[in-house]
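Residues per chain are reported as follows:
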Amino acid sequence: MSPHARPQESHHVRHLRRVPWSAALGGSSCLFVVVFLLAFNFSSVDVGLKDAIELIANALSGKTFTPEQHSLSAILFEIRLPRIVVAALCGAALSCAGVVTQGVFRNPLASPSLLGVESGAGLLAAVAFYFGVAHLNTFTVPIAALVGALATTAVLVAFSIRFPHWPLESLLLAGFAVNSLQVALTSAVVALVLEEHQQGGAVLQWMLGSFSGRGWEHVAMSAPFILAGGFVATKLLHRLDALALGEDVATSLNVDIHGLRRRAIVGASLLVAGAVAVAGAIPFVSLVVPHFTRILIGPRHKRLMIISAINGMTLVLAADLIARTIRPPGELEVGIVTSLIGTPLFVALLLQRGRR
Amino acid sequence: MISVRHATLKKGRSLILDDVTVELPSGALIAVIGPNGAGKTSLLRLMAGLDHPDSGDVLVTEKSLSQLTGEERATTLSWVPTDSPLPFAFTALETVILGRFATSKGAPGRTDTEKSRAALAALGVQDLADRTITTLSSGERQKVMVARSLAAECPVMILDEPLANLDIAASLHLLKLLKSRTALGTTVCASFHDIILARKHADYVVLLAGGKVKAVGPAEKTLSSEHIREVFGVNTTIAHSSDGKSLLEFQLP
């Protein structure tokens, strides 16, 4: 067929401006390294990068530490570094969960919080505070949160197995119903906690999301779930590309959309569960990071997931840096910071979409 | 190539397809014609293996669709739906490459890209390769979707109202392209609303009404004025010009 000799209909449409893959990867990585170094350098205790380098050089050359360097090393590697690692892990996990959720629901404004996994975690964490067991052990609240998150996931998967031919909207609405119920129950439990215990501050801090006092044990606790969820998610990425063409077209291309849906729910839920267990609910990251990354590099899910993971680490690390340095000697909850950064970004996003 | 045998399809209580039996020739352009709600899309979806009949069977090359593996089905039948909104800004080229998903296994190589560019060129939209599909007009998007189906190189192409968003020149181009594919042995099955174009260009017509086959056979014979009156309730005047072309005109009775 010969090309049509017709006037260009849409020459006024802006041409695609995507950042090339290697530039996006390089740029995102550089930004992450910068934020990482800043996070490592700044805190309420004045230990700088210079001290850290000296310390590492000393350790490598086999010299013994001075007593001063011993306490420095404890601050840097037992307090500051694990907190950074937890924050980075959570940022990557939430962003990847967002990529998978938006992909499987074919909606760039979807977020894993629609699945109710975060609110399930919140409910059981609040219950742990109510029964006064929260302070018994570092792990009590994270374990309660994990159980809540995984129980919600189980309910969703059960729904999708019991009603395999439900349209996607129904599954979303089921998640919405579960989510609303859990949020209502959580509010009730939090109100009771505030009334009956002195731990009101602790439960609120958890609800708002925080990395305060997180150590290597929290890394060890969340990493298995985040890695497992990440593993499940990476197996789905090219099928999510096909799904973007519509459920029927994906089916005709030999994508089992029901299996894909279930695996995506499990993958996203594990990622969120790992993050929410150690950090509490950190809003907006899972919604905003994949969306912005998609505008940057395009919607192909493999690339999107890699760059989103890096950008998610950067955003959460930066938010935590702001949270712990903005109000010395105390700190702000990181969830408040991500909301304060995320809301204007989200509004800008809506305005930009509305203009189209 | 495709045979539908006593296929019945229900949605809730209503009967969408009622004992449909058609035997379709291979290497032909087959038009599925009928008024709104006649069951055209439902029949095409059965043929594409997207839905399964409540009773009866659909066979492709003598094999029941339900017995094909997913991969066999995906490499035999390609499906082009009517225009549907697409959520993500893939480029036209990326979209067409996805058409080769069943063979490329999600890791497209150089051949996949080359064949996809060729498919875009076959539809005359190679210039759109780097445009995002969310910025295309519905007609442009339709051409990209047909290119995606071409790139899959399936022996059977099933298209739901491929001319719905195309102007007359683009419609004629697409019909010509589909005809050229049938000459290479591809079986093309599509629903149409334009009786005149279908009558002129299709080799074979399945005329549906109320979920039943009213007539099936060669285009000119099947789309006779009697059949059109019976199915659509309009009168047809068919005139023949001196150079052998037929001209159709429809009137309400």
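In this convention, every chain numbers its residues from 1, walking through the sequence in written order. The lettering of chains begins at A and the numbering of ligands begins at 1, in the order of writing. Residue-level local features of this predicted model are given only where pLDDT is at least 70; pairs of side-chain atoms are given and counted only at 80 or more, and the full residue set underlies all totals for whole chains, interfaces and linings.

1. Points about the nonpolar core
Grouped together as the largest cluster of nonpolar side chains are 174 residues, with contacts concentrated most on A:A273 and B:A31. Contacts of A:A273, omitting those with residues within four sequence positions, involve A:V117, A:A121, A:L146, A:A149, A:L150 and A:F225. We define the nonpolar core as any set of buried residues of the types Ala, Val, Leu, Ile, Met, Phe, Trp, Tyr and Cys, connected via C-beta atoms lying within 7 Å of each other. As a rule, residues whose C-beta atom has 12 or fewer other C-beta atoms within 10 Å are exposed, those with 20 or more are buried, and those in between are partly exposed; C-beta atoms are placed from the backbone. Any two residues are considered in contact once their C-beta atoms, placed from the backbone, lie within 7 Å.

2. Some words on the pairing of strand β4 (residues 55-60) of chain B
Residues and elements named next belong to chain B. Here, a strand pair is defined by DSSP locating no fewer than two bridges between the strands. Under the scheme used here, helices are H or I runs from DSSP no shorter than 4 residues and strands are E runs no shorter than 2 residues, and both carry numbers assigned from the N terminus. Two strands pair when backbone bridges link them, and strand β1 (residues 2-11) and β4 are joined in this way by 5 bridges, in the antiparallel orientation. Each residue of the ladder has a partner; that of I2, found in β4, is V60. As paired strands, β4 and strand β5 (residues 63-64) are joined by 2 bridges and run antiparallel to one another. Counterpart to L59 in the pairing with β5 is S64. Linking β4 to β5, which pair antiparallel, is a turn of 2 residues; within it T61 sits at a positive phi near 40 degrees.

3. Describing the packing of helix α8 (residues 216-234) of chain A against helix α11 (residues 257-279) of chain A
All names here are of chain A. Fitted lines through C-alpha atoms serve as axes, helices being fitted only where they are in contact, and the angles separating the N-to-C directions of these axes extend from 0 to 180 degrees. Running from N to C, α8 and α11 cross one another at 165 degrees; their axes reach a closest spacing of 8 Å. Here α8 is positioned roughly antiparallel relative to α11, judged by the angle of their axes. Remark: the crossing between α8 and α11 carries left-handed chirality. Residues H218, M221, S222, F225, I226, A228, G229, G230, V232 and A233 of α8 pack against R263, V266, G267, A268, L270, L271, A273, G274, A275, A277 and V278 of α11. Each residue gets one label: Ala, Val, Leu, Ile, Met, Phe, Trp, Tyr, Cys and Pro are nonpolar, Asp, Glu, Lys and Arg are charged, and the others, such as Gly, are polar. Here the contact of α8 with α11 is composed, by residue class, of 14 nonpolar, 6 polar and 1 charged. Put simply, angles under 35 degrees are roughly parallel, angles over 145 are roughly antiparallel, angles from 65 to 115 are roughly perpendicular, and the rest are oblique. Left-handed describes a crossing whose near helix is turned anticlockwise from the far helix by less than a right angle; the clockwise case is right-handed.

4. Structural notes on helix α12 (residues 285-297) of chain A
Residues and elements named next belong to chain A. With 13 residues, α12 extends 18 Å from end C-alpha to end C-alpha; this agrees with the ideal 18 Å at 1.5 Å per step. The buried count for α12 comes to 10 of 13 residues, which makes it a mostly enclosed element. By the burial criterion, the buried members of α12 are V285, S286, L287, V288, V289, P290, H291, T293, R294 and I297. Directly beyond the C-terminal end of α12, a positive phi value near 95 degrees is found at G298. A helix is expected to span 1.5 Å for every residue after the first.

5. Topic: the interface of chain B and chain A
Facing 36 residues of chain B, the contacting portion of chain A comprises 28 residues. Those elements that provide at least two residues to the side of chain B that touches chain A are α2 (70-76), β6 (77-80), α3 (92-98), α4 (101-104) and α7 (168-183) of chain B. By residue number, the principal contributor to the side of chain B that touches chain A is α7(B), which donates 5 residues. Split into classes, the residues belonging to the side of chain B that touches chain A amount to 19 nonpolar, 11 polar and 6 charged.

6. What about the pairing of strand β9 (residues 204-209) of chain B?
Residue and element names in this part refer to chain B. Of all 6 residues in β9, 5 are buried; the element is thus mostly enclosed. Two elements, strand β3 (residues 29-33) and β9, share 4 bridges in a ladder whose sense is parallel. Directly across from A31, in β9, lies its bridge partner V205. Adjacent in sequence and paired antiparallel, β9 and strand β10 (residues 212-218) are bridged by 2 residues, among which G210 carries a positive phi angle near 55 degrees.

7. Some words on unusual backbone geometry
Residue and element names in this part refer to chain B. In this model, T61 sits at a positive phi of 40 degrees, which is unusual for a non-glycine residue. With respect to the helices and strands, the residue T61 is situated in the loop between β4 and β5. At E62, a position not held by glycine, the phi torsion is positive, near 65 degrees. Looking at the element boundaries, E62 is found in the loop between β4 and β5. With 7 C-beta atoms packed within 10 Å, E62 lands in the exposed category.

8. Quick word on the confidence of the model for chain B
Per-residue confidence for chain B gives a mean pLDDT of 91; residues scoring 70 or more make up 100%. On the interface metric, ipTM, the complex scores 0.92, and its pTM is 0.90. pLDDT gives the predictor's per-residue confidence on a scale running from 0 to 100.

9. Concerning the packing of helix α1 (residues 21-41) of chain A against helix α13 (residues 301-325) of chain A
All names here are of chain A. The geometry of α1 relative to α13 is characterised by a closest axis approach of 9 Å and an angle of 20 degrees between their N-to-C directions. Classified by the interaxial angle, the pair formed by α1 and α13 is roughly parallel. Considering the relative orientation of α1 and α13, their crossing is left-handed. Judged by residue contacts, W21, A24, L25, S28, S29, L31, F32, V35, F36, L38 and A39 of α1 engage R303, I307, I310, N311, M313, T314, L317, A318, D320 and L321 from α13. Residue classes in the contact of α1 with α13 are distributed as 15 nonpolar, 4 polar and 2 charged.

10. Structural notes on the sheet that holds β9(B)
All names here are of chain B. Across the sheet, which stays open at both edges, the 6 strands sit in the order β6-β7-β8-β3-β9-β10 with mixed pairing between neighbours. Single-partner strands in this sheet number two, and they are β6 and β10. Between one strand and the next, the sheet's axes are offset by a mean angle of 15 degrees, whatever the strand orientation. Sheet topology places strand β7 (residues 156-159) next to strand β8 (residues 187-192); 4 bridges connect them, and they run parallel. Across the sheet, L159 pairs through a bridge with A190, a residue of β8. Strand contacts of helix α1 (residues 40-47): β3, β7, β8 and β9, with the helix running at about 160 degrees to β8, the strand carrying the most contacts.

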